[in-house]
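Now for the letters of each chain:
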Amino acid sequence: MKKDRSNASRREFIQQSALAGAGLALANPLQMFAQEKQQTPTAKNIKSKGYAAKDASGKLSPWEFERRPIGDNDILIEIKYASICHSDIHQMKGDWVPQQYPQVPGHEIAGIVTAIGKNVTKFKVGDKAGVGCMVDSCMQCESCKHGEEQFCDNGATVFTYGAADKTSPTGITQGGYSNNIVVKDHFAIHIPDHISLQEAAPLLCAGITTYSPLMKANFRRGDKVGVAGIGGLGHLAIKLAVAKGADVYAFTTSADKTKDILSFSAKEAVVVDDILKLKPYKGKLDYMISTIPVLFDVASYAAMVKRNGFFTQVGMPVGFQVAFSNIGLANSRVNFNASLIGGIPETQEVVHYCADNKILPNIQIIKADQINDAWGKILNKQARYRYVIDAATF
C-alpha cells in the first residue's frame, strides 16, 4: 500500500482539536463550577426505557431498565436519535456468537449532554454529543494511548451493547435504542453545531467504519476506487471516496439503486446480477472496499484490483466468516485485509470532516414501533440508506 502521506496532517488536526477542547474547558472556570453545582450527579441508577431483543428471534419490544449512576468521569446523554446498523440485527439474532438477553442494540447514538461527573472537562451540559461502537478500554496500553482503543492490547475494549460490564445493573452494556445513556466522557464524541443530530448519528459507525480504511489506503486524486455493497456503509463510502478525489466504481446487486449511486457522484454503477459482470473491470481498480455483510465470492471482486493492490473487507457476515478461493487471490496477487471501526480521535475526525464538507448520510426517520419493520426492510435490501430512530418515541 502507498505510504500514508496524510498521517502528519491528520495528527496535527487531532492535536489541535484536543487543545481547542482543553481551551474551552479552561476558558471560564467559574462558569464550569456553576454548571457542576447545578448538575450534581445522582448516586442512584438512571432509569431508562427502550427497545430490546428478548431472544434470538430478531424481534424487539419495549423494555424498561436501569443504567449505572453517573460516575466522576461520566456524562449522561439524553438520546435524541439512534440509527440502525446491520450489525444490530446480526448480533441480536446471535449470528456471530450467542447473546445474553434482554439486550438493547444501537451504536450510532446522538443526543444532548444533561449531566456531567465532577472530573469531566471535555463536555458541558447542553453540548451535542454522540456515542459509537465502544464505551471503554484499558486506557493504559500502547493502542489505547495512541487513539486505537478498538485494538486494546489487553483485550479490554468494551463495546456499546452486549459486552460484559460490571458497572451495568443488567450485567452487560445496553445500547442506543433508548432514551438515555451513561458513558465515560473519553468515549463520547463532540457533534458540531453545523450538522444535525439525526445526520451525525450514522457517522459514528457507518462513517468511521468506511472512513478509517479509506484514509489508510491513501489513494490519490483520480485513482479508481471500488465500493462493493451499497447500503448504509457503502453509500457513505462512495461519498467519502468522491470527496477525497477518487473516481468511484460502485458494485451492487440492487438494480434500483443505480440512480441513487450516480447521484452520489460515482463514476459508474455496476449491477452484479451475474458474477461475469465483474470481468470487464479485472485489474482496473487502484483500491477496493467491500461492505457486503453476507458470504460472497471475494476473489472475483478482489480480482478487479490491480496486482499488488489492496482489497479491504468491512462487512461482517454470519459467523464472522468470509469465503474466498486461495488460487483466485493468488492469480490476482491482491492483498486482502479487513478493518474494524476506528479509534476515538479518528471518529471525532470523521464527524468534523463530514460536517465541514457536507458529506451527509441519506436517512429515513422512523418511530420506535417501526423498528421491526425497518429491520425486515434492511434484510430485504430496501433501506435507503440509513434508518434513524426518533428517541422521543420510546
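The paragraphs below set out a description of the structure included in this document. (Residues numbered from 1 in each chain as written. Predicted model: local features only at pLDDT ≥ 70, side-chain atom pairs only at ≥ 80, totals over all residues. Heavy atoms only, no water.)

Turning next to the pattern of salt bridges. Summed over all chains, the structure comprises 12 salt bridges. Arginine 68 serves as the salt-bridge partner of aspartate 74, at 3.0 Å between the closest nitrogen and oxygen. Taking relative accessible area as the criterion, aspartate 74 reaches 5% and is therefore assigned buried. Residue class for arginine 68 comes out buried when judged on its relative accessible area of 18%. Taking the shortest distance from any N to any O, the salt bridge between aspartate 136 and lysine 184 comes out at 3.2 Å. With a gap of 48 residues between them, aspartate 136 in strand E6 (residues 134–136) and lysine 184 in strand E8 (residues 180–184) connect regions that are remote in the sequence. (Salt bridge = Lys/Arg side-chain N within 4 Å of Asp/Glu carboxyl O. Buried < 20%, exposed > 50% of the residue type's maximum accessible area, 1.4 Å probe, protein only. Helix = DSSP H or I, 4+ residues; strand = E, 2+ residues; numbered from the N terminus.)

Right, let's get into the environment of phenylalanine 336. Relative to the assigned elements, phenylalanine 336 resides in strand E15 (residues 335–338). Judged by its relative accessible area of 29%, phenylalanine 336 falls in the partly exposed class. The spatial distance from the C-alpha of phenylalanine 336 to the C-alpha of phenylalanine 310 is 6.1 Å, given a sequence separation of 26 residues. If we ignore the near neighbours within four places in the chain, the residues touching phenylalanine 336 are Val298, Phe311, Gln313, Val322, Phe324 and Leu329. (Contact = heavy atoms within 4.5 Å.)

Time to look at the pairing of strand E13 (residues 285–290). The buried fraction of E13 is high, at 6 of 6 residues. Where strand E10 (residues 224–228) lies against E13, 4 bridges are found, and the strand directions are parallel. Following the sheet pairing, alanine 228 is matched in E13 by serine 290. Sheet topology places E13 next to strand E14 (residues 305–313); 5 bridges connect them, and they run parallel. Note on E14: the bridge partner recorded for leucine 285 is valine 305. (Pairing = 2+ DSSP bridges.)

A separate point is a nonpolar patch on the surface. Taken together, the side chains of Phe151, Phe159 and Leu340 make up a nonpolar region of the molecular surface, amounting to roughly 240 Å² of accessible area. Take leucine 340: it is sitting in the loop between E15 and helix H11 (344–357). (Patch = residues over 30% accessible without salt bridge, like charges linked within 9 Å, V, L, I, M, F, W, Y side chains within 5 Å. Areas by Shrake-Rupley, 256 points an atom, 1.4 Å probe, with all protein chains shown as cover.)

What follows is about the packing of aromatic side chains. Applying the stated rule across the entire model yields 9 aromatic pairs. Ring geometry for phenylalanine 264 and tyrosine 385: centres 5.6 Å apart, planes at 75°, overall edge-to-face. In this pair, phenylalanine 264 sits in the loop between helix H8 (258–263) and strand E12 (268–271) while tyrosine 385 sits in the loop between helix H12 (371–379) and strand E17 (386–390), placing the two residues 121 residues apart along the sequence. A relative accessible area of 3% means that tyrosine 385 is categorised as buried. Note on phenylalanine 311 and phenylalanine 336: the rings are 5.9 Å apart at their centroids and 20° apart in plane angle, and the pair reads as stacked. Of this pair, phenylalanine 311 sits in strand E14 while phenylalanine 336 sits in strand E15, and the two are 25 residues apart along the sequence. Given a relative accessible area of 0%, phenylalanine 311 falls into the buried group. An aromatic cluster is built from Tyr249, Phe251 and Tyr281, whose rings are joined through pairwise contacts. (Phe/Tyr/Trp six-rings, centres within 6.5 Å; stacked < 30°, edge-to-face > 60°.)

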